[in-house]
Amino acid sequence: MVGFDAKKERLSKFEYGMAGAMSGVITRALVQPLDVLKIRFQLQVEPISRANQTSKYSSITQAFWKIVKEERWPALWKGHVPAQMLSVVYGTVQFVSFEVITKVAWTQLPPSFTADSKKPILHFVCGGMAGCLATLSCQPFDVIRTRLVAQGQPKVYQSIRDAVRQMWRNEGVFAFYRGLTPALIQIAPHTGLQFGFYTLCVQLWDKAFKQTGVPFVGPFESAACGFVSGICAKTAVYPLDVTKKRLQIIGFEYARKSFGEVRYYKGFFDALKVVGKTEGMRGLYKGLSPSLVKAGASSGLTFCAYEQCCNIMTMLHSRY
């Protein structure tokens, strides 16, 4: 299972980093189209409803085929290269940080805090810290990815290099960290809940199927537990994710005019207030459906790939 455990064989930080990077690459390649749909929904001011004639996107299937029709199939992987960079960096930093922080907690805290019954809570706290470190390290990739996905036709940015050049020249270094405040406010509870729920689900799974003491978490178990943890965590913090995406396109509104109404926000709390006031509570949950599908699939694939990569490396250690 993820996290430090004195009873299992330990891997090196490099090996944990490799497992985290591999899990990020595999997951991102498979779920990128859902991420594109989610971002398009989050940035649309008009209601996501077939009843509203001014809405560019009204449902998951309608949005999917509209994007394919207007922008061709590759549009579903818009921003994939910076997204892969994001996934590799994020996965590496997140899992290495989590393993290190849980080890420190295990060695420094009293045994009562590291008991199996308290492990989900401990992993919630450690996961939140690991998520913040990972977010700080890769926020520029997330901003670039969001802008590449958000732009329509004609394109404002022709490539990643062009996006970096224009953002640096027109908006300065702070453009690469737009939305950082809501990102950190969102990621701490989100990553914490993800790791906490995952640990709890694995414990419940092991008890239900009498697998207590089994050294490895199987692929189906890790995928199922990761899927549940991803959905629970994403639902809890989703309004913060919408707010973050709205803030990341500040200064980039001209590229969004073909998608419908454009709004301007002064900051995190202003965006949260304006979206809630003008679009209602439903506005804070725009794109929730594809986001939950993506969150569940992404979390399930991430934990499954990470656990199995660690299992393979552990078996290679014992064999050689």
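In what follows, the structure referred to is the one given above.
Reading the values: rules and limits
Residues numbered from 1 in each chain as written. Predicted model: local features only at pLDDT ≥ 70, side-chain atom pairs only at ≥ 80, totals over all residues. Heavy atoms only, no water. Helix = DSSP H or I, 4+ residues; strand = E, 2+ residues; numbered from the N terminus. Rg over C-alpha atoms; globule rule 2.2 N^0.38 Å. Buried < 20%, exposed > 50% of the residue type's maximum accessible area, 1.4 Å probe, protein only. Contact = heavy atoms within 4.5 Å. Lys, Arg positive; Asp, Glu negative; His and termini not counted. Charge placed at Lys NZ, Arg CZ, Asp CG, Glu CD. 1 Å grid on protein atoms, 1.4 Å probe; cavity = no way out; pocket = protein on both sides within 12 Å on 5 of 7 lines; lining within 4 Å. Points joined across faces, edges and corners; volume = space filled by probe spheres on them. Nonpolar A, V, L, I, M, F, W, Y, C, P; charged D, E, K, R; others polar.

Participant: Hey, could you go over the overall build of the chain for me, with residue numbers and the actual values?
Facilitator: Secondary structure assignment for the chain yields nine helices and zero strands. Its helices and strands taken in sequence order, the chain reads α-α-α-α-α-α-α-α-α from the N to the C terminus. Taking 320 residues into account, the globule formula puts the C-alpha radius of gyration at 20 Å, and the chain, at 20 Å, falls close to it. For the chain, the spread of C-alpha atoms along the principal axes amounts to about 60 × 40 × 35 Å. When each of the 320 residues of the chain is scored for burial, the buried share is 54%. In the chain, of all internal contacts separated by at least 6 residues, the share reaching a separation of at least 24 is 78%. Of the side-chain charges in the chain, 39 are positive and 20 negative, and the distance between the mean point of each set is 4 Å.

Participant: Describe empty space enclosed by the protein, naming the residues involved and giving the relevant values.
Facilitator: If you walk through the whole model with that rule in mind, you get three cavities of 30 Å³ or more. Volume-wise, the largest cavity comes out at about 680 Å³. Residue lining of the largest cavity: 36 residues in total, with Arg-28, Tyr-90, His-190, Lys-294 and Ser-298 positioned closest to the centre. Among the secondary structure elements, those contributing two or more residues to the lining of the largest cavity are helix H1 (13–43), helix H3 (80–108), helix H4 (119–150), helix H6 (180–208), helix H7 (219–248) and helix H9 (288–319). Here the residues of the lining of the largest cavity are counted per class, giving 10 nonpolar, 16 polar and 10 charged.

Participant: Can you tell me about the side chain of Asp-142, naming the residues and giving the values?
Facilitator: Within the secondary structure, Asp-142 sits in helix H4. On the basis of relative accessibility, which here comes to 6%, the residue Asp-142 falls in the buried class. Here Asp-142 is in contact with Leu-86, Lys-244, Lys-245 and Gln-248, once residues within four sequence places are set aside.

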